Structure formats: C-alpha cells, structure tokens
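Descriptive analysis of the structure
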Amino acid sequence: MIDLQGYGPRLLEGALVTVELAVLSLILAVILGLLTASAKLSRNRLVHGIGTLYTTLVRGVPDLVLMMLLFYGGQIGINMLTDQLYYAFDIDIFINVDAFVAGVITIGLIFGAYMGETFRGAFQSVEEGQMEAARAYGMSPLLAFRRVRFPLMMRHALPGIGNNWMVLLKTTALVSIIGLTDMVRVAAEATKATHEPFLFMIPVALIYLLIATLSEWGFAKLTKRYNTGFGESSEWNN
Amino acid sequence: MEQLNGWFTELLSGNLIFTANTLSFYWGGLVTTVQLVFLSLLIGVILAVPLAIGRGSKRRWIKLPIYAYTYVFRGTPLLIQLYLVYYGVVFFDGIQDSIFWVVFKQAFFPALIAFTLNTAAYTTEIFHGAIKNTAKGEIEAARAYGMSRKLMMRRIILPSAFRRALPAYGNEVIFMLHASAVASVVTIMDLTGAAYYVYARFYAPFQAFIFVALIYLCLTFSIMFVFRRLEKRLLAHLRPRA
Amino acid sequence: MNKWITSALLAGALVSGQILGQAMAQDDKDTVRLGIDVPYEPFVMRDADGKLEGFEIDLGNELCARANLECSWVEQSWDGIIPGLLARKYDAILSSMAITPERERQVMFSLPYYNTPSVWITARDRDIDIDDKQSLEGLSVGVQRGTIRDVYVTQEYGDVLDIHRYGSSQEVVNDLQSGRLDLTFEDFPIAVDAIDFRQDDSPYKQLGDSIKTPTSIFGKGAAMAFRQRDKALAAKFDKAICEVYADGTFDKLMEQYFDYDLSVRPSEADCAQ
C-alpha cells in the first residue's frame, strides 16, 4: 500500500467534509433553485426582476470571489446587523459564520442560480393539460404540485440537476482556500510539509473521480425511475 | 446605522483604499487574467480539434486514451490540477538546471499548463458532441460528391460542427474566466489576487471584493455579447425562418 | 417526493442548528478565545496528532493561567486575522503580530512580548548585493501577504523586485527551496528554524544586515491584539506579560525554543499601571 505518512486519517476526515459540504449545498441549491424558478415565472415584475438579478449576478462573478466576499465580508455584515439589534432592542446575539457555513451558503447560492435555470425550463415543459386533469380530480394545489407537477418536472430537470451536481462537487475544492479543512486542504498541507505533491493530490483526485462515477450511476437510476411511463425514446436518454 | 453610514462614506470617499497605487494592482491583475485566460483558451482549442476527431475514431487505442484524459480532467477540480502542476514540476530531478526552468520558475506557466489541459478536455467533449451530431444529410451529400473522409472532415463536418458548438463554447469561455480566479493561490497577481492583496493590506473585504466582482461582471458581459453576435452571424441558417 | 421534502427540511434544520449552536456557545464569557495563524514555526505548529504546540502556545497558556482565564485557541489564516478579531470569531490575537500604526487604527495592542528583526535570505552560491538596487532588477522575492515584511518590500523594492505574496510563511520557504524564488525577506526566527542559514554548511545565507527600522513599518515588537473596547481584558494580559518577565518564566520558555534573545523587557513604568 502507499504510505500516506500519517496523513491518511486526516485525508479521510477531509473527504467526509467534502461530501457533507457538497450534499448540504446541493439541498440548499435545490430549494433556492425552486424559489428562483417560481420567481422568474412569476407575473409580478418585482419578483421576476429580483430572480433575474440574482441569476445574472451570480453567474457573472467567479465562485471564488463570491466565496471570499461572503466569508470575509459576510461576518462583518452580519455583525453590523446584530449590532443594530443590540442598540435598538438590547438583544445581544452573535452569529458565527464559520468556514463550513460560509461554504454551504456560498455554494448553495451559486448553484441555486444554475438550478433556477434548470427548474424554469423543466416547469415550462410540463403540459398544462396534466395540471388541468389534476384539478379536475379535485386535487388541492399543493397535492397537484406534489403528485403531478413535481414528478413530471423532475423528468426534465434531472439531467440538469445531474450536471450541476458534478460541477458543484468540484467547486467544493475552493473552500480549502478560505480555510475549511476539506480533503484538498489536507492534501495541500501535506504537500507543503512533505514535498510529495503526487502522493497526496492523486488520491484526492481519485476520490473525486470515484464520487463522480458513483453519482453518474445514481443519476442513471433516478432517471430511469422518473422516466417510468415515457418509453425509451425520451430526449435525454439517447 | 452609524457603522453603516461610516462604512458607506468611506466607500464613497474611499481615498484610503482606492489610491492610484491599488488601482494599478487591479489593472495589472486585469492584464494577467486576460492573458492567462486568452492563452489557455487559444492553446486549448488548438489541442482540442485533433483530440475531438480522435475521440470519435473507431480505433479503440486512439479513442480510449482521449476519453480517459477528458474524463479525468473534467472529473477533478481545476485547483488540484493546478497544485499538481505547480508543485509537481519542481520535483523532477534536475529541472532547476534545465532550460525549462526559465519557464517553470514563474508561477504563470504552471498555471497556464493546468488551465490549458483543463479547457482542452472540456472543449474536446464539446467539439466531439458537435461532430457526432452532424446532420446525416450533410454527410450523405458530401459522400455523393465523392469526397474523401479527410476532405469531408475539413470541408463539411468541422465547419458545421464548430458553428453548432459555438453556444456551448461560449459557456466554456466564461467558465474559464471564472475558474482562472484560482490562479491567485499560487501567488499569481491576477484580478482575484489583486483583490486579495488589497483586502489583506487594508482589511476591507467589501471594497476589495465587490470592486473586483464588478470587473468580472463586465468581462463576462463582454464575452457574452461577442458570442451572441457571433452566433447571430454564424448560426443564422439554423434559425427557424419566419 | 416526501423524502425530498423531509431531507430538505432536515438540511435547513442542520444549517440553522449549527448557526444557533454557535450563537449559544458564544455566551460562555469565562473562556477567552485566542486567534493564531498556524504554522509559524517555532512559534506555533501542529504535532502529528494535529495538536498545537510551540513557543506562543506555551506562552499564551502561561499568560492565561496567570490572568486566571480559561483560554482556547482558534486557527485563522493570517490574511483574515484582524477581520476575524473585529468580527468576534475570537477575543484576542496572539500570533506574532507586530505593533504598527496601521494596525493600531483597527485594534488595541498589549505590551510587546518579543521583538525580532527581519532578514534577507538567498542561496549561498548567489552573489546579490541587496543595497545596490539597480542590480536587483527582475529578481523574485517571496513574502507572506499582509505582513510588515510585505509592506516593507512593496514600499522599498516594489519598483525593482518581482514580489510573490504567499498565504503562509511555509509556502515562502518551500518556493525558496524549489528555486522559484531568488530571495526571501523573512522574520529572523522563522528563517532560522526553516533553513538554518546561520550554519556554514547551510545552502542559504543572510544578505546584508538584519532590519528593524523604520519603526513606522516594523513597529515596536510583537504583541497581543484586542478589540478597541476590551480594555479590561487587555490590562489583564499586560499584567501577565509583566509577571512572566519579572519572575524569569519568559526567559526559561525562550531558552527552550531559541538560542538567541528576542525579549523586550517591559519598563517599570509600563508595568506600574
């Protein structure tokens, strides 16, 4: 076996941080994406404008710059707000934006914008007839969303979600720069201490490839699941 | 409110931070970023054309290594690729004494190599997809003219594929611009590096990073504008006619 | 579908739970959190198990014991160390921070507890005259970003040297060793520890004199930094610093880590307050 010079356990811990960060950010991104898609499809011009501004800004600025802004500036911004609370209402709270939370929020915010585009396309591709049929059955709007629109939409959204997830996974590497100890940071520290870049960077690269390959397999399964009843000739399946 | 006001007036007057000196840092950063991104995209495209053709080859010993290359480079973070090249080249025995050291001594070239290999992998896949989706009719027509495979590739398939690859390639250009921000971790004073320096020197995260975000935003919009214009001209034949 | 909603809610709860959890932990007023940039050998480093050790760790723990405070250490990269203090991520910085006028606008300093010069280092076989500015044209120099040495080099040599700024001192040393850098401008103890330049058989050597001036850049020595309003806390540590100097604890600690003198004995007037 390769000798990781005592860094093995820390690398594994780092890998766990990477996975946790990626999964939590994905969940936040999906929630934000659904909200953004709704905002962009809204007839209310203000809501629509906010949605558009959000996606444009996020997609025009590098992830790393947004992350630094949020991590270094976010804490000061939040402190300004809590200071106001203290002066106005005598409520003394302190909200700590640590590297992990900043990472989840930034990555979630960034990919929320991309997810928003994915979901918007997917919402639009659901035929209105299906929803009308659902209403005709007397389903409440919420039930109709859950049982009809959401599963139908997922069929169209899944390939986009899959792509976003792959990019998101790689974006997590950036948190190592703002000081979160993910596996890239552990590998970078080990490289600097031992002068053995290949020994640590290549295993980390392999872990990324492994996660990517596993996710590809998982998304193939999910696609099949949401594809039920639509035959083999659907557009993403060729 | 006082704090917010103070911060705002400081941002507006801003004379402590945005002096001619720091602005020259941003300007130098802009030049470096544009150079780095432009060169890596250019070399990346030159590499990607033969790779994309090879990727569609029927011969496995050509196809598989190229697929492995794109799979690895698209499946791992650019940051790791950058670290590998930057720290990796140093440990080849004797490189310090070879003529290559002139090149690798600076941080710019390791970064350029990592960025080029990365964008070449993505561009290969984009071109490969476009080549694969060439309309059957175009190929049949070329065959009917008695064109050889080589001639057909040069005259028919590639020009048509490049046009159709344009929107996806435009995204790749923007992606590369944004990804280039990681160059700052290996001491390159690109735009992000300049912002990071101004931040570390003046402890002013908002001013330093919002300013640089606006510059990136302008660059992104310019790239988008250029590609929209190009698409309009080159893809006119694909638009539904009214 | 239900699973989706549940997991989404769970994630929301997790994130907010973490934020709240940290908000609550904050109220524990008896512990003082000290921010430090790791590694900065021999002042601070991690042993194989990831535990912090080094001169400043020992000194910090000693000071806390004397001030009757429960202390914990928070790791923070140098770039973010002052914003982190102002942002209340920790209550004081104990991280070889030099007192400079620029920083005094942001934070309040304790009495200085040590003072060291900065030195120019290059490979032993290189022939460089640091005082002949013209001859330096195009050479590369490495410094840690945002340090007094960064300020000095940028101000005095910005027009001739190609300045590489790094996030940590370790990276500077690495690139000097790899041959990427022609020169570094380092804190004396860091240079001694990392490349042992004082030995005749070391591949590196010092150029010119050790540098401590101008004081407007290099300051009066390294001190703890506090938020401006935490005067009582700063006073406690000032008293502790006077004590460790007075009873010889500082010297004992110093001898453990260094074979040279980096003390700045506080004056009686400073300690009388």
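Residues numbered from 1 in each chain as written. Chains lettered and ligands numbered in written order. Predicted model: local features only at pLDDT ≥ 70, side-chain atom pairs only at ≥ 80, totals over all residues.

1. Examining the sheet that holds strand β4 (residues 70-75) of chain C
Residue and element names in this part refer to chain C. The mixed open sheet is built from 5 strands, whose spatial order is β4-β1-β5-β12-β6. Either end of the sheet is taken by a strand with one partner, and the two such strands are β4 and β6 (108-114). Looking at each pair of strands side by side, their axes are set apart by 30 degrees on average, direction ignored. In the sheet, strand β5 (residues 92-98) pairs with strand β12 (residues 222-226) via 4 bridges, with the strands oriented antiparallel. Paired with Ala 98 across the two strands is Ala 222, which belongs to β12. Contacts from helix α2 (residues 55-66) reach β1 (31-36), β4, β5 and β6 within the one sheet, and its direction differs from that of β5 by about 135 degrees. In the packing of helix α9 (residues 231-246) onto the sheet, contacts are made with β1, β5, β6 and β12, and the angle to β6 comes to roughly 15 degrees. (Pairing = 2+ DSSP bridges. Helix = DSSP H or I, 4+ residues; strand = E, 2+ residues; numbered from the N terminus. Axes fitted to C-alpha atoms, helices over the stretch in contact; angles between N-to-C directions. Contact = placed C-beta atoms within 7 Å.)

2. Some remarks on the pairing of strand β7 (residues 118-123) of chain C
Residues and elements named next belong to chain C. Of all the 6 residues making up β7, 5 are buried; the element is thus mostly covered by neighbouring parts of the structure. Summarising the sheet, β7 and strand β11 (residues 204-211) pair through 5 bridges and their orientation is antiparallel. Along β11, the bridge assignment pairs Ile 121 with Gln 206. (Buried ≥ 20, exposed ≤ 12 C-beta atoms within 10 Å, placed from the backbone.)

3. Description of the interface of chain B and chain A
By a widely used convention, the size of an interface equals the accessible area lost when the partners come together. The interface is formed by 31 residues belonging to chain B together with 30 residues belonging to chain A. Tallying contributions element by element places helix α10 (residues 205-234) of chain B first for the side of chain B that touches chain A, with 10 residues.

4. Comments concerning the sheet that holds β11 of chain C
Residue and element names in this part refer to chain C. With mixed pairing, the 5 strands of this open sheet are ordered in space as β9-β8-β10-β7-β11. Edge positions in the sheet fall to β9 (162-166) and β11, since each has one partner strand and no second. The mean inter-strand angle of the sheet, taken between neighbouring strand axes irrespective of direction, is 30 degrees. In terms of strand pairing, β7 meets strand β10 (residues 183-187) through 5 bridges, oriented antiparallel. Bridge pairing in β10 links Thr 122 to Leu 183.

5. Things to note about helix α6 (residues 169-178) of chain C
Residues spaced three or four apart along an α-helix point in a common direction, a consequence of the helix completing one turn every 3.6 residues. For α6 of chain C, the tally of buried residues reaches 8 of 10 residues, placing the bulk of the element in the interior. Where α6 of chain C is buried, its residues touch α7 (183-194) of chain A together with β7, β8 (140-144), β9, β10 and α7 (188-195) of chain C.

6. Details of the pairing of β10 of chain C
Residues and elements named next belong to chain C. Across the 5 residues that make up β10, a large majority, 5, are buried. Where β8 and β10 come together, 2 bridges link them in parallel fashion. For Gly 142, the partnering residue across the bridge sits in β10 and is Thr 184.

7. Observations regarding the domain arrangement of chain C
All names here are of chain C. One can read the domain layout of chain C as domain 1 (29-115 + 220-272) and domain 2 (118-218). For domain 1 and domain 2, the distance between their C-alpha centroids amounts to 25 Å. Listed by partner, the interface residues are 13 residues for domain 1 and 15 residues for domain 2. In terms of residue class, the side of domain 1 that touches domain 2 is built from 8 nonpolar, 2 polar and 3 charged. (Domains from an automatic or database assignment. Nonpolar A, V, L, I, M, F, W, Y, C, P; charged D, E, K, R; others polar.)

8. Focus: the confidence of the model for chain C
Residues and elements named next belong to chain C. For chain C, the average pLDDT comes to 84, and 88% of its residues sit at 70 or higher. Within chain C, no element has a lower average pLDDT than helix α1 (residues 2-25), which sits at 48, and none a higher one than β12, at 95. Here residues 13-29 scores under 50 on pLDDT; set against residues more than four positions off or in separate chains, the count is 15 contacts. Two numbers describe this predicted complex: its pTM, 0.84, and its ipTM, 0.86. (pLDDT = per-residue confidence, 0-100.)

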